[in-house]
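# Breakdown of the fold
So you can see what is in the structure, the chains are spelled out below.
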Amino acid sequence: MTSVLGIALLTLVLSGPVMAFVPIGGGASTHVSITGTALLQKVTETCQSVAEAAGHEFNPTGPSAEELVQACLGPTATGEVSGAKFRSALQEIYTQNGLVDRDFVNSVPHHFNSEAFLEGRGLIIEGIVAIKANIREENFQAARETLGRVLHTLQDFYSHSNWVELGYTEPYINLIRLDLPLENLADVNTATCRDCASGTCPNSILPNILKEKKLTSGYMGIFSAAKPKGKCSHGGAADLTSTAEPRGGISKDERRSDNVDLHNSAVNAATAASLQLLDDIQLAAGDIDFLRMMGIARSSVVCFVIDTTGSMSDDIQEAREVVYEIINSKKGTQDEPSEYILVPFNDPDFGPMIRTTDPDKMKKEISKLKANGGGDPPEMCLSGLQLALTGSPASSHIYVFTDAIAKDIVLKDTIVALIRSTKSTVSFFMTGPSGRRRRDLRASSFEDYKDLALASGGQAIQVSKSQLPQATDVILDTSTSALVTVLQRARNLGQETFPFMLDESLKNITIYITGKALTFTLTNPAGVSQKHNEASGNLGTIHTVGNLWRIRFHADKKTGTWQININSKQPYTLKVTGQSTITFIYDFVESFGGPHPGYAQLSGRPQAGQPATLMLSVMGRKGPSSMIIGPVALVTVSGPETVRNSTTTDMGNGDILMTVDDVPEGEFVVILKGTDKVSGSEFQRQSTTQMSVSKVNIKAVVDSSVEPGKAFNLPFSVMTQGSGGQYSISGRNDKGFTMTYPSNLTLTTGQYANSIMIISTPANTQSGTDITVTLEAKSASGVDSNYIVLRISVVSKITDFVQPLCEVVNVLADDCPQDVSQCEPFQWELTATLTDGNGTGIETISLRQGRGNLTTTSLSDPIIQANYTASCCSQIVEFVAVDTIGNVGKCYHSIVRSAGPPALTLSLPLWLCLLVSAFVTRT
C-alpha cells in the first residue's frame, strides 16, 4: 500500500508547490486529495446513517482516524479503537489510483485521452460491476483496488476532456450509467483546437466546438508526435503531440496562471463525480458492507484453521470452547470480532472456508466439526492455511490447530509469500509428538510450523492434548482490537538481555516466550525484578504450559525502559504485546518514472544491493499531531542482532519516507520509536512480518477481470541481478484453477525474460470470486528467489444495466399542518410502485431518508407496491431499490412546500475539513 499521500507531500518538500491531478503533484488538488475528499465525505455520511439507525449521535471528538472510527463504531462499545485498518484501506485505494499512471501510462482509455470516451466508460462500467460483485462475495481488498483504478479514470475525464470548457459544472452521470448514451462526441475528422504557439493558452477549444457542445479530449503521445489533423493535444513536456499544430494542450492536471478557473472547475467536477460513483456503490452494498470495505469495523477478525482427522476430537472441542468464550466474553465491546472465519482440513480434503459476521452462525458451524478420517500422520494443513490467508482480511490473526505434520509441504514458500503480502499473523497449536527431524528437505516436520509462525510474528505452541485448554488464552489475548507489538526476537540459545519501552497508552501488556530449558528475569524501570519461578510476583503473573511462557503484566505497570534477561539452552522466541492506538502501517516501495512519476508498492521482496525504501503512516491517540516521531530502523529478528538506521523525511500528517542504504542480511522487521505527546512517555512499536532482500525481480500487472469459463492471460517478466542461468517458475492459486506457464526460464543478468501464465476459470465460478495468484521464481541452487502476489476478479458478463424504476402513485398529506411545530399528532402516507422491467429482479428495498415505516409487497412480484407512513414531522422520504446485479434506483418525495431532491454538495463540516486535510495533503 504505497502512501500516495506521502508522495504528494514529498513533492512539497523537495520541489515546492505544484497543483495537479498527478500522484506526486502536491498541493490541494491531486488525484489523492480528490479521492480523499469524496471518500471521507461518503464515509461520514454512512457513519451518520448507521449512528442514526442505532439511535446514537455521530460526533467525532477530533479529526484523527482513531476519533472518526471510534465515533463511527459507536460510543457504547468499550475498549481501544485503532484507525490502522481505515488508514490501510484509504492507502490501498490511493495506491491503485496512482498506479494507473505507471501500469497504464500509454493506455488512452485509462485516461480518456485521444477521444476514447466509449472505451474509457467501458473500463469504468467494468470496474463498477467488479466492485459490486466483489463486495457481495466479501472480497473487500479486490473491491478497494478496483475502486482506486476506476476513480483515476473517472477523474481524468474532467481534467483531460473539454467538459468544463463547455460550461458544465455537474458530473457527467452517463459515464457510470451504461443505459445512458454518450452524446455529441466529436468524430475523428472534426477539428477541435486552434493553435497555441506559447503552449499555455487559457482556452484553445475552437468556437464552433464550444457552441455545438461537442465533447473532445486531448491526444497524448509519449513515443510519437502523430495525431489527427486539427485535434487538441493533452499538453506538457511528456506529450510529443503538443509540438504539432495545433500546438499546446487542454489538460487541466496542473493549475497554472492561465487556467486557474478551468483547473478548479475540473477539480470540483471530478470530486463530485467521485462522490456520485461512491454513492452508487454504497447504496448497492449497504451501509455496513461499505464501511467494512473502508476498513471501518472492529479490528479483530477471528480465523481458525482446524485439522479434522480422527485424532483431533479433543482439539476441536477446545477450539469450540474458545470460540464460545470469545463470543460470550467480548460481546458489546470493541474486542468483539468483526468477522469469524473457519477453515477445516483433513486428508485429502480441505475447506470450504466459512465466513460470517454472525456469532450464532459461527457457533453453529464450529459445532458441526467432527473428527474423522485420516490414518497417515501428514495432513493438508498448508492448503487450509493458504485458503485462510487469501480469504481473510490483511493483518488478520490466524490460529491453526493440528496434531500432524504437513503433507503439502511444497506450499511452504507460497505460504511465506502470502504471509508477507497480507502481513497476517499465524499461530500454531501443535498437540502431536514432535517426532524425528526430517531426513531430507522435501520432508516436513513441526519445525516448518515454527518457521512459519516466526515469519509472521506468531507463536508455535507445542502442548499435549490435555494441556491445550491452558494454552488457548493466547487466542483470547490476541483476538482484540488495537493490538500492537512492542518487541519480538528469536534466538538459538545462550544468555541475552532485551530492553523495551512501555508507554502510558499501552494496556493489557503480555510477554510470550516459547521454548524449554530456560530461565528469565523481568525488570521494570525502577529496578524491581521478577524471576521465571515466581508465578505471582511484583510485576505480573506467569503461566507455563508446554513450551509456552505467558507473562501478564499488572495494570499498574511503570512506563519507561524495561528489560528481560533470558538464559536458554535451546532455541526460543520472545514477544511483547499490548493494546494501544499508537501504531504504524508500512510498505516497501520502489520509484517509477514517466509523465507522472511516483512510488509503487513492492509485492515481493526488496532488491538486494540497493537501498530499501519504505512508506510509513504513523497513528497516535489524537492523530499524528499528538506524537513526535523518533528513529526508524530495520532490525534482524534471529541470530546476532543487526540494526540498520534509516534516513527519514517527515512529510507531515504522520507520513514518513524511510530509506535504508545498507539493508541487514537475513530476515528483518521495522522498528519505530517516538514520544506520545498526550502523556509525554516514549513509545516503541515493531512490525511482526519478517522480510528479506532478493536479487530476483518479478513484474506482472492485472489489467482486467475475467469471465467464468474464460482463460485469463497474465504476462510476466523475471530478471536477476545475480548469476544468470536456469530459474524455476512456480505458480499457485487459492481456488485450485488450472494454470499453464513455463516451468523454467533462462535469465541473463540485468535483463528481463518475458513469459505468460494462462489461468483457466471454470464456467460455474461465482461472479465476484477473487483469485489470489502467487508466482515465484527461484535460482537453480535454491539460494535466491522472489515472488509476486496478484488478485484477479471473476465477474460474469452483465447485460442488465437498467435501474429499478419507481413511480409515486398516491400521497396523502392534507392533514399535515403548515406550522411544523404542530406536526406531532398528524401522519402522512405515500404509495409507490417499483419495477425492474426486463432486468434481473429487485433484491432489496430499504429506507434511506425518513423516520417512518416502509412496507412492500413480495419482491418477486413483477410490480412491487411500497407503502410508507410517517409523522408529519418527518417530511422527506427516500427509499432505494437494488436489483440482483447491483443497479440502484431511488424513490424520493418531500411534503415540504417548494422542496425538491437535495442537490449534490461538497460542503463539509469543519471537523471533516480538518480530517480531509490531515489525511490528504496540505497546501
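Residues numbered from 1 in each chain as written. Predicted model: local features only at pLDDT ≥ 70, side-chain atom pairs only at ≥ 80, totals over all residues. Heavy atoms only, no water.

## Points about empty space enclosed by the protein
We apply this condition: We place a 1 Å grid over just the protein atoms. Points where a 1.4 Å probe fits but has no way out form a cavity, open points with protein on both sides within 12 Å along at least 5 of 7 lines form a pocket, and any residue with an atom within 4 Å of a point lines it. Grid points are joined across faces, edges and corners, and a volume is the space filled by probe spheres set on the points. The helix count covers DSSP runs of H or I at least four residues long, the strand count covers runs of E at least two residues long, and both are numbered beginning at the N terminus. As a working rule, the residues Ala, Val, Leu, Ile, Met, Phe, Trp, Tyr, Cys and Pro are called nonpolar, Asp, Glu, Lys and Arg charged, and the rest polar, with Gly in that last group.
Under the definition given, this model contains six cavities of 30 Å³ or more. Counted as a void, the largest cavity has a volume near 300 Å³. Lining the largest cavity are 21 residues; nearest its centre among them are G127, T146, R149, D703 and S704. Residue assignment for the lining of the largest cavity shows that the elements contributing at least two residues are α6 (117-136), α7 (140-160) and β32 (785-794). Among the elements that line the lining of the largest cavity, the one with the most residues is α7, at six residues. Looking at the lining of the largest cavity residue by residue, the classes come out as eight nonpolar, seven polar and six charged. In this structure, the second largest cavity encloses a volume near 90 Å³. If you list the elements that add at least two residues to the lining of the second largest cavity, you get β4 (397-402), β5 (425-430), α17 (473-478) and β15 (572-579). For the lining of the second largest cavity, the per-class residue count stands at four nonpolar, eight polar and one charged.

## Topic: the sheet that holds strand β28 (residues 739-740)
Keep this limit in mind: Two strands are said to pair when DSSP picks up at least two bridges between them.
On the basis of which strands lie adjacent, the open sheet formed by four strands has the order β25-β26-β30-β28 and antiparallel pairing. Either end of the sheet is taken by a strand with one partner, and the two such strands are β25 (696-700) and β28.

## Some remarks on the packing of aromatic side chains
Our working rule: To pair, rings of Phe, Tyr and Trp, with the six-membered ring standing in for Trp, must have centres within 6.5 Å; the planes then decide the type, stacked if under 30 degrees apart, edge-to-face if over 60, and tilted in the middle. Here the term buried applies to any residue with accessible area under 20% of the maximum for its type, exposed to any over 50%, and partly exposed to those in between, with areas from a 1.4 Å probe on protein chains only. Think of it as a cone above the ring: NZ of Lys or CZ of Arg counts as a charge over the ring if it is within 6 Å of the ring centre and within 35 degrees of the ring normal.
Inspection of every chain in the model, using the stated rule, returns 19 aromatic pairs. Pairing F401 with F429 gives two aromatic rings, centres 5.0 Å apart and planes at 15 degrees, and the pair type is stacked. Linking F401 in strand β4 with F429 in strand β5, this pair joins segments that are 28 residues apart in sequence. What makes F401 buried here is its relative accessible area of 0%. Accessibility expressed as a relative area gives 0% for F429, which makes it buried. Taken together, F112, F117, F157, Y158, W163, Y168 and Y172 form an aromatic cluster joined through their ring pairs. Across from the ring centre of Y168, 4.9 Å away, lies the NZ or CZ of K213, which sits over that ring. Between the NZ or CZ atom of K363 and the centre of the ring of Y324, over which it lies, the distance is 5.6 Å.

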